[in-house]
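Fold and contact review
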There are 4 protein chains.
Amino acid sequence: MGRETIDQIFAAAVDVFAHSSFERAKMDEIAGYAGVAKGTIYYHFKSKEELFVALMNDGMEQITEFLRRRIASAEGAADQLREALEAYVTYLFRNGTFAKLLLSEVWGSTQRQHVFRARIRELVAIIEEVLAQGESEGVFRPMDKRETAVAVFGAASVTVLQEIFHRQEGGDDMEIDERIPSLVAALEALLYRGVISSRNFNG
Amino acid sequence: MGRETIDQIFAAAVDVFAHSSFERAKMDEIAGYAGVAKGTIYYHFKSKEELFVALMNDGMEQITEFLRRRIASAEGAADQLREALEAYVTYLFRNGTFAKLLLSEVWGSTQRQHVFRARIRELVAIIEEVLAQGESEGVFRPMDKRETAVAVFGAASVTVLQEIFHRQEGGDDMEIDERIPSLVAALEALLYRGVISSRNFNG
Amino acid sequence: MGRETIDQIFAAAVDVFAHSSFERAKMDEIAGYAGVAKGTIYYHFKSKEELFVALMNDGMEQITEFLRRRIASAEGAADQLREALEAYVTYLFRNGTFAKLLLSEVWGSTQRQHVFRARIRELVAIIEEVLAQGESEGVFRPMDKRETAVAVFGAASVTVLQEIFHRQEGGDDMEIDERIPSLVAALEALLYRGVISSRNFNG
Amino acid sequence: MGRETIDQIFAAAVDVFAHSSFERAKMDEIAGYAGVAKGTIYYHFKSKEELFVALMNDGMEQITEFLRRRIASAEGAADQLREALEAYVTYLFRNGTFAKLLLSEVWGSTQRQHVFRARIRELVAIIEEVLAQGESEGVFRPMDKRETAVAVFGAASVTVLQEIFHRQEGGDDMEIDERIPSLVAALEALLYRGVISSRNFNG
DNA sequence: AATGAATGAGCTTTCATTCAT
DNA sequence: TATGAATGAAAGCTCATTCAT
């Protein structure tokens, strides 16, 4: 069946692209994982590049959609940012494969990478909106919203990635979902309050 | 002479690895840029991998060294963190090439990437120390220092990278050094105070 | 219906084999042009090769038949040769597609090409007969009939082909049928009289 | 050595392109014949196409040069045409490989084939010049020189090719050089005198 | 120290052909 | 009859690496 085959390929591709990079991923391996012939991949996707892009777009759409939904469910910018953070961390954690690709396949100069950055800018824009909303609500301080949103995105992404590798390299065997709250808490604390001790805070 | 040739190769390699990734960089192109024969590279470096690792280690050492020196020049954890931030942003900005590699060549599963992550952990450890110092000084609030340091590293790195690409894609033509202060300021504001408006802040 | 589908495939195949060669023609493209599924072609023809051979045989039969009929309509070898020439040139011109295949797909070592050459020999044999007839009528000089027939075939074929490409490459926009008489005339003049000026001719 | 390797590749390529067509020729086979690794071919030629074009240009240059020299050695247009014919037939005969490529790889629509046709036009132009010369000397009749030259080229080329295949398919075992004179004679007779018997000639 | 011609494993992509429906 | 998804054997090309000079 058509859809079924494509799904198998997709799933296999995520795996393979995950533990290799785009360049080192081999179509042969993807085909093997998917349990189809190599030609079958090419019957459905014009090229390795197209397959990869389809994959990333799919992931970016999912995560964007997920974030929007979670944000919509919250009242007030402060809670929305909290939701966004948690949603983002949770999603990346559960799709570690995608998380790796997100940060590693985006900082290059191919056309594809250019497009990915545009996608990421959409993600950042969502955070930016929340920040703007909070600023106008008076609950967030005046700030450079674009830069701040980017920094938030960076802080969250790298935190998750570091944790993923930490576990992978045998550093931690706590259940993944148990680890999420503490990571989100650390990020929240940093992003909401900063590092300064409150008794030293005056402005 | 020996040293000279090696330097040429190094300089060329930085350039080439910069606009390609490790995988897409070609020894031929590096040789061309360096103005030496391909064989010459292999006379000095055992492999592409070794050349790349040498390069990255060099960069990591420089940046680590640079950070330590700048931190040492400041009094008090608050200022030290400020210095660290500025030093890191400045270095990455001026070595955009290295900045790209830093984030893109690190999230993989090759031995090399494993080693790079260890290097990055050193960098993070520096920040961590400052945070610990601040905490014990009472100037920073109690916190999960490792996670916070990672988040700080992520926020700063991605902010710089996003800015580099923004410029590269024609988005901004301000002088690079003029842009640094405002980026550092945004990061500082975020990391010191968080996003919360002070009138809403109560602990 | 059956016949209809086959005709569509045939027509499409002529087109596609025309602007590509046998090797570069793709079954996919033929199917697309024909408006049928690729499998349908294989339902009617065992292979690409078989389709191509059927096509060429069809063309060779048509041209052979056409030549014979035109020759039969003329009295005397001189007029017969004239008719043959005109018929051949006209046919090739009107089936430029076939003309290209005729000369380009024949000089190889595949079984198929071997068979085509046999077919061409039939065509040459027709000319040869006319020459023999003319010789015995005394209207043609004694000659090496086989070689001469081949030369006549070559002269006519290449002349037409060269003209087809000349037009195709934008060299001439006269109506095709207007150009035929002058080409036939030039060929006739060459083949009947040769290049020698009559005042220099003395046997 | 550089030149030596290239020569080996060239020689092998002629052979392989000869008994296959351009499309069916395999780089692996060429490499095998040449006794070098496949990569070596690509070290010297950017692509299969480039190798092939280099080959054909080489052949076309040789034959053009050969023709010009032989023509220059003759006095009067009549003898020049005779020389040209013999030179052309001889060359093709001795380079049957090239002869096949000449006629079979030229009637297509790739860029490469376009270029080859331009080359052939140069060859035809040489014949044309001789015809023009003869016409102005009064030794050749007035004629459509371009068309006639093309026809001469076609007659000679196809004649040789047909003979080459005839032998190859076991049709004749006379020494190649012994066969040339009779072929040239037949062509000469046709092109100089045409087919008409002299007693019927009154034009 | 330096060179660059030569290598060949490895990779992506193509496409005629098959076959279950 | 007709379909089109699936196949897998090729084949062109790349490029890190080697090594004789």
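These numbers were taken from a predicted model, which means no experiment stands behind them. (Residues numbered from 1 in each chain as written. Chains lettered and ligands numbered in written order. Predicted model: local features only at pLDDT ≥ 70, side-chain atom pairs only at ≥ 80, totals over all residues. Heavy atoms only, no water.)

Observations regarding the protein's contact with DNA strand E
In the vicinity of DNA strand E there are 33 residues, among which Thr 40 of chain B together with Thr 5, Thr 40, Tyr 43 and His 44 of chain D approach most closely. When the atoms of DNA strand E within 4 Å of the protein are grouped by moiety, sugar and phosphate amount to 65% of the total. Ala 25 of chain A places a polar main-chain atom, nitrogen or oxygen, 3.0 Å from a phosphate oxygen of DNA strand E. Of the residues in the surface near DNA strand E, the class split is 14 nonpolar, 10 polar and nine charged. (Near = heavy atom within 4 Å. Polar contact = N/O pair within 3.5 Å; in protein donor to acceptor, adjacent residues only side chain to side chain. Nonpolar A, V, L, I, M, F, W, Y, C, P; charged D, E, K, R; others polar.)

Topic: the relation of the copies chain A and chain B
Note that the two copies of the chain are related through a rotation about an axis and a translation along the same axis. After a rotation of 180 degrees and a shift along the axis of 0.0 Å, chain A superposes on chain B with an RMSD of 0.1 Å. What we have between these two chains is a two-fold relation. Mapped onto chain B, 100% of the interface residues of chain A are again interface residues, and the two copies thus contact each other with one and the same surface. (Least-squares fit on C-alpha atoms with pLDDT ≥ 70 in both. Contact = heavy atoms within 4.5 Å.)

Things to note about the UniProt feature "domain: HTH tetR-type" (unreviewed entry) in chain A
According to UniProt, the "domain: HTH tetR-type" (unreviewed entry) feature falls on residues 3-63 of chain A. As annotated, residues 3-63 of chain A has a helix share of 79% and a strand share of 0%, and its two end C-alpha atoms lie 22 Å apart. (UniProt positions renumbered as here; feature names shortened; annotations may be inferred. Helix = DSSP H or I, 4+ residues; strand = E, 2+ residues; numbered from the N terminus.)

Regarding the packing of aromatic side chains
Here the structure, examined in full by the defined rule, presents 40 aromatic pairs over all chains. Ring centres of Phe 22 of chain C and Phe 52 of chain C lie 4.8 Å apart, and the angle between their planes is 50 degrees; on these two criteria the pair is classed as tilted. Taken together, the positions of Phe 22 of chain C in the loop between helix H1 (2-19) and helix H2 (27-34) and Phe 52 of chain C in helix H4 (residues 48-72) put the pair 30 residues apart, joining distant regions of the chain. With respect to class, Phe 22 of chain C is no different from Phe 52 of chain C; both count as buried. Through a chain of ring-to-ring contacts, the aromatic side chains of Phe 17, Phe 22, Phe 52 and Phe 116 of chain A assemble into a single cluster. Taking the ring centre of Phe 22 of chain B as reference, the NZ or CZ of Arg 112 of chain B above it sits at 3.8 Å. Taking NZ or CZ as reference, Lys 48 of chain D lies 4.9 Å from the ring centre of Phe 22 of chain D, over its face. (Phe/Tyr/Trp six-rings, centres within 6.5 Å; stacked < 30°, edge-to-face > 60°. Buried < 20%, exposed > 50% of the residue type's maximum accessible area, 1.4 Å probe, protein only. Lys NZ or Arg CZ within 6 Å of the ring centre and 35° of its normal.)

A closer look at the relation of the copies chain D and chain C
For the pair chain D and chain C, the best superposition has an RMSD of 0.1 Å and corresponds to a rotation of 180 degrees with a translation of 0.0 Å parallel to the axis. A shared interface surface links the copies, since 100% of the contact residues of chain D are contact residues in chain C too.

Let's talk about the protein's contact with DNA strand F
Neighbouring DNA strand F are 32 residues; Thr 5, Thr 40, Tyr 43 and His 44 of chain A together with Thr 40 of chain C lie closest to it. Within 4 Å of the protein, atoms of DNA strand F come from sugar and phosphate in 68% of cases. The backbone of Met 27 of chain D places a nitrogen or oxygen atom 3.1 Å from a phosphate oxygen of DNA strand F. One of the side-chain nitrogen or oxygen atoms of Tyr 42 of chain D is found 2.6 Å away from a phosphate oxygen of DNA strand F. Among the secondary structure elements, those contributing two or more residues to the surface near DNA strand F are helix H3 (38-44) of chain A, helix H3 (38-44) of chain B, helix H3 (38-44) of chain C together with helix H3 (38-44) of chain D.

Let's talk about the side chain of Glu 163 of chain B
With respect to the helices and strands, the residue Glu 163 of chain B is situated in helix H8 (residues 145-168). Since its relative accessible area comes to 3%, Glu 163 of chain B is described here as buried.

Re the domain arrangement of chain A
Residue and element names in this part refer to chain A. Looking at the assigned domains, one finds that chain A contains domain 1 (1-45) and domain 2 (52-194). The C-alpha-based centres of domain 1 and domain 2 are spaced at 27 Å. Contact residues are listed per partner, giving nine residues for domain 1 and nine residues for domain 2. A buried area of about 830 Å², summed over both sides, lies between domain 1 and domain 2, and 75% of it is on carbon and sulfur atoms. Looking only at domain 1, the three residues that lose the most surface to domain 2 are Phe 10, Phe 17 and Phe 22, adding up to 58% of its buried area. Along the contact surface separating domain 1 from domain 2 lie zero salt bridges. If you look at where domain 1 meets domain 2, you find one residue pair in polar contact (both at pLDDT 80 or more). Residue classes in the side of domain 1 that touches domain 2 are distributed as seven nonpolar, one polar and one charged. (Domains from an automatic or database assignment. Buried area = accessible area lost by both parts, 1.4 Å probe. Salt bridge = Lys/Arg side-chain N within 4 Å of Asp/Glu carboxyl O.)

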